[in-house]
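# A structural walkthrough
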Amino acid sequence: MNKRVVITGVGVVSANGQDIHSFWDNLFSGKSFVKYDKHMDELGAKSKVNCTIDDFNWFDLSKRYGYSGYDQEARFIKFSLIAGSKAYENSKLNIDEYDENDCGIIFASAIGGTPTFENVYKDLIEEDTGLLRYKSIGKYFYNAGMLNHPANIMGEKYKFRNICTAISTGCTGGIDALGMAYDIIRNGDAKVVMANASEAPLADITYATLDSIGALCIAKGPYETRSRPFDLSRAGFVIGEGAGAVILEELDHARERKAHIFGEVLGYASKNNAIHMTDLVGDGEVLVKTIDQAIEQADISKNDIDYVNAHGSSTKQNDLYETKALKKAFGKHAYELSISSTKSMLGHSLASASMMGVIAILGSMKYDMVHPTANLKNKDPECDLNYIPNISQSKIVDKAMLTASGFGGIHSVGIFSKYKEVS
Amino acid sequence: MKNKKLIVTGRGLINPAGNSLNDFWNHILSEKICYGKLNIKDDTPIKVGARVKDFNPVSYISKRIEVKTDTFTHYFLASLSIAMKEAGLTIHNENEDEVGIFYGNNSGGWRICEKGFDELFTQSYAMVNPWQATAWFPTAGEGYASIIHGIKGYSKTFVADRVSSAAAVYHGIASLQNSRNKKILVGGSEAPLTGLGTICYNENGSISNAISEELCKPFVSDSPGIVLSEGGAAIVIETSDNANSLGIAQIKGYATNYYATNQVEGVVACMNRAIWSADLETADIDLIIPEGNGDWESDRIEIEAMRALFIHRPDKLPIAFPKCYFGHQYGAAAVSDVICACMALEYNAIPQYRFIDEIDELFTDKLTSKINNVLVNSRTSAGVNYSFIISRIEN
Amino acid sequence: MYEEIFNYIKEKICELGFEENEITENSGIRSDLGLDSSEVVEVSLKIKKDYMLDIDLKEDMQIKDVVNKILEGKQ
């Protein structure tokens, strides 16, 4: 008999807030945190906007959460540690009360410490020879690339002795880490697993890489409006940064310690489209199959889904592909869904974006309100579903779905519900 | 839910010791070391490593794919094609959703990484190649494998230091046990032997910088460190009721844990749990292929743990150290070791260990009985452990 | 000049793994040869580097269109 899996802790480090209430309030307000970036402009990037976290106070936060000694670590590691610790803190797990063999952690990131790699390369390359000249850098260089490092740190801090690993599945990383944690608990192999995803990708090579394939936002208009998922004038995604973490827990374990339950995980599925690393071809068939599989596992009807937190990356191809997939998967009910994109306000923080989408869903279920898709002014006749343009809507959100797609042709879907005693 | 019989039906590798199973195994048994001077033009502190030889990617993949991808992806795709051929596995409409890829890689594409930086800093921002985004990140292995073979099932990529492909094996197996997949392609690869790659790995403190033929002496206290290596390895694992063939070996037991402190206790617990999950006793283990990587700080913990678990054996425990011949492949290491376990079962042979007299007398490099059960360990210096029991297939 | 540039384009596309005998001046970049979006970008980067020209390569172009674009750019 599969175990029920609930979410008992949530932590976020995001441009719109570093505590879940600010995060939710700002999402509901529809405020965009996308900004002009002078450096991108001077670099010659086609995209001139990103979404940065300007008020991340590592000095204070590291003291508060006991992370002195990690000052040299890459930014994505720091984000991860703080988001993870916030999630642990609000889960009210007590290190003296749980069996450490029942607790684990899964971390996800797409490109980890890329800015560190860039800085090291710049530091070591000799202009005249074009060769690298070694000088001692320190273990933080190795740690920047080895994505399991944040999992190791938090696993040690919180005495998580069960699973401790890291995945790298591009832009689906966050929901994939959650999905793996869900499987592990559902199958009885652990009782508590933190799923944590983090990204701090803002570096010249990142901009150049994504610009090269035309993925980054070149939309016109005021800078804060340029991430505009599903809008007719959408023109690429806005790169962002941040981290999100959730504590997944086996229901009986959560009940026993009277934990606050944010929501329940009902199902998860992930597939590869096996066509192209970046191009989305067809009418969303593989995403449809992924949705079908997740809903089947959740053992609910498709008509039960009230809200979809979409991948909605603001690229021409994704938003159309996703719309087609939602229509195919849900039929008439697609037009009754409330759908919104968190990326419209926070840009696309790669692996952590889908984790932020999960946290947005938890806020929707808590407040029975769905955040808007910001900057949606020009209707695209091919994207004609209810994307909640610009203003939040009150809606009873009993069950919600998150969709995510990523480089590598990966599609992942999670199904969530308000916690109810009887399943 | 751990009730499905899991069998290995195909193996493939691209390894400094050989690019076919026979060449590889014969090389290991002949105890020839495969590492030497690296001849990297950049000034890197790592002067010696183990390179793959005589490897032509277009023997396994199309030129179009070769151009778009890094060496680490070439190694994995080649290994995978060899493994799928041995397994007799082809992907078609009826099974494409039931086959998944579980892939381990520690550090992505160094060659393309340096290419991109070079384009950015010596040419211009606009000249960075269009494959930087999809060739550098570790997921490239999984992504291209799925595209080439049309594999749509549940798949994941693990980036977990030395245990990257061990994590791939473990979670791949879990996907079979919980019915997310019916067959899995599990593997790993690594291609760190570039200027920036070797500099990065040097900073982890475990890699040997010596210029010597005796670079890697697992379980010996004066071993200079890990020999950095490269290559790929892949296996096909199927549930016995879905397999097309009888199979090569069975994955009978598996376990993982993380002990940041009290690491000896952690290794013991992991091995114990793997043995228990295989419904075996410690006395049933006929061979151990440890992590045994030549970094004494890591090795001494593993020795102490094995001593604690196996001390009461009436006879010495046969042990094999494949890494001392071809170095540590990081992303590919664990699956390479699983393949070695399969070869040991198939041929009932293990390589001699030239430094056997210098290690704990608990161990021997001589076989005294038929190998039926092999314990394979993979672990990180931080304390993440994986243990697998690879067994002769039961009728 | 046309021939020289045509041979150059052929060479660049062959470097991507295409067979020389597949490429004629009437070959559609996408419709006949099947270059994907990343391969089209790579060809345009090569042109930018070797001819110092920013050519907007569209996937519905034929090879002769590309050659002519370069010729126009050089004038």
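Residues numbered from 1 in each chain as written. Chains lettered and ligands numbered in written order. Predicted model: local features only at pLDDT ≥ 70, side-chain atom pairs only at ≥ 80, totals over all residues. Heavy atoms only, no water.

Moving on: the overall build of chain A. Assigned secondary structure in chain A consists of 14 helices and 15 strands. Taking 22 Å as the expected radius of gyration for a compact globule of 423 residues, we find that chain A reaches 20 Å, a close match to that expectation. With respect to the principal axes defined by its C-alpha atoms, chain A has extents near 70 × 55 × 40 Å. Contacts in chain A between residues far apart in sequence, at least 24 positions, make up 79% of those at least 6 positions apart. (Helix = DSSP H or I, 4+ residues; strand = E, 2+ residues; numbered from the N terminus. Rg over C-alpha atoms; globule rule 2.2 N^0.38 Å. Contact = heavy atoms within 4.5 Å.)

Let's shift gears to the side chain of H371 of chain A. All names here are of chain A. With respect to the helices, strands and loops of the structure, H371 is situated in the loop between β12 (369-370) and β13 (393-394). Reaching out from H371, the side chain makes a polar contact with the side chain of T342 at a distance of 3.0 Å. Discounting chain neighbours no more than four positions away, the residues touching H371 are L27, F28, Y307, N309, S340, S341, T342, M345, A360, S364, I388 and S392. (Polar contact = N/O pair within 3.5 Å; in protein donor to acceptor, adjacent residues only side chain to side chain.)

All right, on to helix α1 (residues 2-15) of chain C then. Residues and elements named next belong to chain C. Counted at 1.5 Å a residue, the expected span for α1 with its 14 residues is 20 Å, and the 20 Å between its end C-alpha atoms agrees. In this fold, the buried residues of α1 make contact with α2 (37-51) and α3 (63-74). Residue G17 follows α1 closely and has a positive phi angle near 110°. (Expected span 1.5 Å × (residues − 1).)

Interface size is commonly expressed as the accessible surface area that is lost when the partners come together. Counting residues at the interface gives 11 residues for chain B and 15 residues for chain C. Counting each side, the surface lost to burial between chain B and chain C is near 1000 Å², with a carbon and sulfur contribution of 62%. Our count for the contact surface shared by chain B and chain C stands at three salt bridges. Salt-bridge contacts for K68 of chain B lead to D36 of chain C; the nearest nitrogen and oxygen are separated by 2.5 Å. Run the count over chain B and chain C and you get five residue pairs in polar contact (both at pLDDT 80 or more). With four residues, the top contributor of residues to the side of chain B that touches chain C is helix α2 (residues 63-68) of chain B. Classifying every residue of the side of chain B that touches chain C by side-chain character gives six nonpolar, two polar and three charged. (Buried area = accessible area lost by both parts, 1.4 Å probe. Salt bridge = Lys/Arg side-chain N within 4 Å of Asp/Glu carboxyl O. Nonpolar A, V, L, I, M, F, W, Y, C, P; charged D, E, K, R; others polar.)

Another point: the interface of chain B and chain A. Contacts between chain B and chain A engage 73 residues on the former and 80 residues on the latter. For the chain B and chain A pair, buried surface summed over both sides reaches about 6000 Å², with 60% attributable to carbon and sulfur atoms. On the surface where chain B and chain A come into contact, there are six salt bridges. Linking K289 of chain A and D97 of chain B is a salt bridge whose minimum nitrogen-to-oxygen distance equals 3.0 Å. Across the contact surface, chain B and chain A share 29 residue pairs in polar contact (both at pLDDT 80 or more). At eight residues, helix α4 (residues 110-123) of chain B tops the list of elements feeding residues into the side of chain B that touches chain A. Across the side of chain B that touches chain A, the residue classes tally to 35 nonpolar, 23 polar and 15 charged.

Tracing the sequence through the fold places L77 of chain B in helix α3 (residues 71-87). Linking L77 of chain B and A234 of chain B, residues 157 residues apart in sequence, is a C-alpha distance of 8.8 Å.

Another point: the packing of helix α9 (residues 263-277) of chain B against helix α10 (residues 296-310) of chain B. All names here are of chain B. It is at 8 Å that the axes of α9 and α10 come closest, and there the two elements cross at 50°. Relative to α10, the element α9 is oriented oblique. Relative to α10, α9 is oriented so that their crossing is right-handed. Contacts between α9 and α10 pair Q263, V264, V267, V268, M271, N272 and I275 from the former with I301, E302, E304, A305, M306, A308, L309 and F310 from the latter. Among the residues making up the contact of α9 with α10, the classes are represented as 11 nonpolar, two polar and two charged. (Axes fitted to C-alpha atoms, helices over the stretch in contact; angles between N-to-C directions. Parallel < 35°, antiparallel > 145°, perpendicular 65-115°, else oblique. Left-handed = near helix turned anticlockwise from the far one by under 90°.)

Relative to the helices and strands, A353 of chain A resides in helix α14 (residues 351-367). When neighbours within four sequence positions are excluded, A353 of chain A is seen to be in contact with K343 and H348 of chain A.

Spatially, β2-β3-β7 (chain A) is the arrangement adopted by the three strands of the open sheet, whose pairing is mixed. The strands lining the two open edges of the sheet, one partner per strand, are β2 (35-36) and β7 (239-240) of chain A. (Pairing = 2+ DSSP bridges.)

All names here are of chain A. With respect to the helices and strands, R226 occurs in the loop between α9 (204-212) and β7. Despite its burial, R226 pairs with no opposite charge, the nearest such side chain being E224 at 7.8 Å. A distance of 3.2 Å separates a polar side-chain atom of R226 from the backbone oxygen of A219. When neighbours within four sequence positions are excluded, R226 is seen to be in contact with V49, C217, A219, K220, G221, V238 and S314. (Buried < 20%, exposed > 50% of the residue type's maximum accessible area, 1.4 Å probe, protein only. Lys, Arg positive; Asp, Glu negative; His and termini not counted.)

Shape descriptors only; they carry no functional weight alone.
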